[in-house]
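Close look at the chain arrangement
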Amino acid sequence: MVRVGSVIVRVTVLAGGIGGARFLGGVRAALADEADAEITAIVNTGDDVTMHGLRICPDLDSIMYTLGGASDTERGWGRQGETWRIKEQLALYGAEPTWFGLGDLDISTHLVRTRMLDAGYPLSDVTAALCDRWKPGVRLLPMTDDRCETHVVVDGENGNRRAIHFQEWWVRYRAEIPAYAFVQVGLESAQAAPGVLEAILEADVLLLAPSNPVVSIGTILAVPGVRDAIIQRTGPVIGLSPIIGGAPVRGMADSCLPVIGVEVSAQAVAAHYGARSAGGLLDGWLIHDTDTAAVDGIAVRAVPLYMTDDEASAAMVQAALDLAESTRA
Ligand code: FO1
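These lines cover the structure that appears in this document, whether it is placed above or below. Keep in mind that this is a model prediction, so the values were computed, not measured.

Focus: unusual backbone geometry
Following Glu96, the chain continues into Pro97 via a peptide bond in cis, with omega recorded as 0°. Along the polypeptide, Pro97 turns up in the loop between helix 3 (85-92) and helix 4 (104-118). Even without a glycine there, the phi angle at Ala175 is positive, about 60°. Turning to its location among the elements, Ala175 is positioned in the loop between helix 6 (166-172) and strand 10 (181-184). Among the residues examined, Ala175 registers a relative accessible area of 10% and is labelled buried.

What follows is the structure, encoded as structure tokens:
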């Protein structure tokens, strides 16, 4: 256990959706018996989308449902015991999009969120209100309260190109149509949400979850002020590789990394994040025990990285905290 004097750690985690949710389950488990532990998750909101008039925040909801014990671990997103009656009825009306799976239980979350946003509450207040019910056991912060949806540049008609929402690319096209760029619309003028920069600066340890380095972690890093806060902070920054043996465990990182010219490997992602001593982000990097990686200035350690359950995830987190301690010296 990492001890800073007698104060037990404040851990801040940059996280995306499904991988981030599982990882945060491990962080919570690893610090379960540390009464003073404070865990803050800074969550990607680039996947957010408005569908059928409802505001949907997939990554915040994945983490909230997973840590709240209500997620469908099989499907990987949404609620266990979900039904799709409203979705079926919408399709009978021909209400587009019909390709996006809106579950009946999930819709209650979007109704409450949309009503609060329409009443003028910022997303961070809405998220806190939803978490009052789900009690995730960690503080969930959207990376920003401002709208900055990820769009994907794909082929259009007769040779030109067009941008579609990330959810259309990922859900409708399964990331199988070529992507030429990812653009978070409005991100350059977005503000970090309240508490985000402080949570980065003041954490005893900052962890980059094994989430998609491009559209999840990369989007959080692109929020004005976030990258600078990471570089300025004094305590260690430890990342965990989302790539094992040249492929992501889940999701579509292998479809995203080539778009930004990064190879699909633990080594390439570490080099992409860069060493803090060279103006980058990382002091340490955890890779799966079958992989190798070597980047000047980054302390690399190989441990099992499959998050099969909270115990396995907790072991990964413990390894990351131990690595943080060793890089601190
Ligand atoms: N993912 C799918 O593959 N198919 C869906 O129909 C789908 C619906 C959906 C609805 C609400 C929500 O919060 C997430 C949903 N997801 C779906 C997952 C989502 O696309 C991804 O979790 C993230 O956006 C990528 O990390």
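Moving on, there is more to tell.
Brief notes about the pattern of salt bridges
Overall, the coordinates contain 8 salt bridges when judged by the stated rule. With a closest N to O distance of 2.7 Å, Arg55 and Glu149 form a salt bridge. Here Arg55 is found in strand 6 (residues 54-56), whereas its partner Glu149 is found in the loop between strand 7 (139-142) and strand 8 (150-155), with 94 residues between them in sequence. The same class applies to Arg55 and to Glu149, which are both buried. In this structure, Arg276 engages Asp283 in a salt bridge whose closest nitrogen and oxygen atoms are separated by 3.1 Å. There is no split in this pair, since Arg276 and Asp283 are both buried. One salt-bridge network, in which partners are shared between bridges, spans Arg55, Arg147 and Glu149.

What about the side chain of Asp291?
Checked against the element boundaries, Asp291 lands in the loop between strand 15 (284-288) and strand 16 (299-303). Despite being buried, Asp291 has no salt bridge partner; Arg301 is the closest side chain of opposite charge, sitting 15 Å away. A polar contact is formed between the side chain of Asp291 and the backbone nitrogen of Gly245, at a distance of 2.9 Å. Residue contacts for Asp291: discarding those within four places in its chain leaves Ile243, Ile244, Gly245 and Ala266.

Re the packing of aromatic side chains
According to the stated counting rule, one finds 6 aromatic pairs in the structure shown. Ring centres of Trp77 and Trp84 lie 6.0 Å apart, and the angle between their planes is 70°; on these two criteria the pair is classed as edge-to-face. The partly exposed category is assigned to Trp84, whose relative accessible area is 25%. Seen in terms of ring centroids, Tyr273 and Trp285 are 5.7 Å apart; in terms of plane orientation they differ by 75°. Their pairing is edge-to-face. Placement of the pair is Tyr273 in helix 11 (residues 266-273) and Trp285 in strand 15, with a sequence separation of 12 residues. For Trp285, a relative accessible area of 0% gives the class buried. Of the aromatic side chains, those joined through ring pairs into one cluster are Phe166, Trp169 and Phe182. Just above the ring of Tyr65 sits the side chain of Arg79; from NZ or CZ to the centre is 5.5 Å. Over the aromatic face of Tyr180 sits the side chain of Arg161, whose NZ or CZ is 3.4 Å from the ring centroid.

So, the sheet that holds strand 10
The strand order across the open sheet formed by 3 strands is 9-8-10, and the pairing between neighbours is antiparallel. The outermost strands of the open sheet, each flanked by one partner alone, are strand 9 (161-165) and strand 10. Mean inter-strand twist for the sheet, computed between neighbouring axes without regard to direction, equals 35°. Alignment of strand 8 against strand 9, held across 5 bridges, turns out to be antiparallel. Residue pairing for strand 9: His151 is matched across the bridge by His165.

Basis of the calculations
Residues numbered from 1 in each chain as written. Predicted model: local features only at pLDDT ≥ 70, side-chain atom pairs only at ≥ 80, totals over all residues. Heavy atoms only, no water. Helix = DSSP H or I, 4+ residues; strand = E, 2+ residues; numbered from the N terminus. Buried < 20%, exposed > 50% of the residue type's maximum accessible area, 1.4 Å probe, protein only. Salt bridge = Lys/Arg side-chain N within 4 Å of Asp/Glu carboxyl O. Lys, Arg positive; Asp, Glu negative; His and termini not counted. Polar contact = N/O pair within 3.5 Å; in protein donor to acceptor, adjacent residues only side chain to side chain. Contact = heavy atoms within 4.5 Å. Phe/Tyr/Trp six-rings, centres within 6.5 Å; stacked < 30°, edge-to-face > 60°. Lys NZ or Arg CZ within 6 Å of the ring centre and 35° of its normal. Pairing = 2+ DSSP bridges. Axes fitted to C-alpha atoms, helices over the stretch in contact; angles between N-to-C directions.

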